[in-house]
Amino acid sequence: MKTNFRNYLPILAALFIISIIYWITGNIINVYHNTVVGGLYEVFWVPMIAAFVLPPVVSLVLWYRGKRNGFPAKPYLIFGVVSAAIVIAALTA
């Protein structure tokens, strides 16, 4: 089965960008100042962790499948992994 990488790119990019905005907003703004915003922040906490972890994992799987099937390595699939490492380093610093 041939994997079409271009179908997954917008979904992976959107998930990753939304999760980055969520985490950066939580670090910059005191979300617990307002009760409703704090509640929404807590409700979306687990889905945002999944949205932050899944795109790099899916990118690695697609990259491995493409490499195994003889396709050249796609640098835009590695972008998810590299950008996740950069954001994790920035948020923990």
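As a reminder, the structure under discussion sits directly above these lines.
A brief structural summary. Since this is a predicted model, take the numbers as computed values, not measurements. (Residues numbered from 1 in each chain as written. Predicted model: local features only at pLDDT ≥ 70, side-chain atom pairs only at ≥ 80, totals over all residues. Heavy atoms only, no water.)

### Here's the deal with the overall build of the protein
Each helix and strand in the protein was counted, giving four helices and zero strands. Mapped from its N terminus to its C terminus, the protein presents α and β elements in the order α-α-α-α. Per-residue burial for the protein yields a buried fraction of 27% across its 93 residues. With an accessible surface of roughly 6,500 Å², the protein has 73% of that area assigned to carbon and sulfur atoms. (Helix = DSSP H or I, 4+ residues; strand = E, 2+ residues; numbered from the N terminus. Buried < 20%, exposed > 50% of the residue type's maximum accessible area, 1.4 Å probe, protein only. Areas by Shrake-Rupley, 256 points an atom, 1.4 Å probe, with all protein chains shown as cover.)

### Brief notes about the nonpolar core
One finds Phe16, Ile20, Tyr22, Trp23, Val31, Tyr41, Met48 and Phe52 forming the largest nonpolar core, which totals eight residues. Considering each element in turn, this core owes the most residues, four residues, to helix α1 (residues 9–28). Those residues in contact with Met48 that sit more than four places away from it in its chain are Ile18, Ser19, Tyr22 and Trp23. (Core = buried A, V, L, I, M, F, W, Y, C linked by side-chain atoms within 4.5 Å. Contact = heavy atoms within 4.5 Å.)

### A short note on the environment of Ala51
Here Ala51 shows up in helix α3 (residues 45–68). A relative accessible area of 9% means that Ala51 is categorised as buried. Through-space distance from the C-alpha of Ala51 to that of Ile17 is 9.1 Å; in sequence the pair is 34 residues apart.

### Quick look at α1
When the terminal C-alpha atoms of α1 are compared, their 28 Å separation across 20 residues agrees well with the 28 Å that a helix rising 1.5 Å per residue should span. Residues Leu12, Phe16, Ser19, Ile20, Tyr22, Trp23 and Gly26 constitute the buried set of α1. In a view along the axis of α1, the buried residues occupy a sector of 160°, so they form one face of it. Exposed side chains of α1 directed beyond 90 degrees from the buried face belong to Pro10, Ile21 and Ile28. (Expected span 1.5 Å × (residues − 1). Arc of directions from axis to C-beta.)

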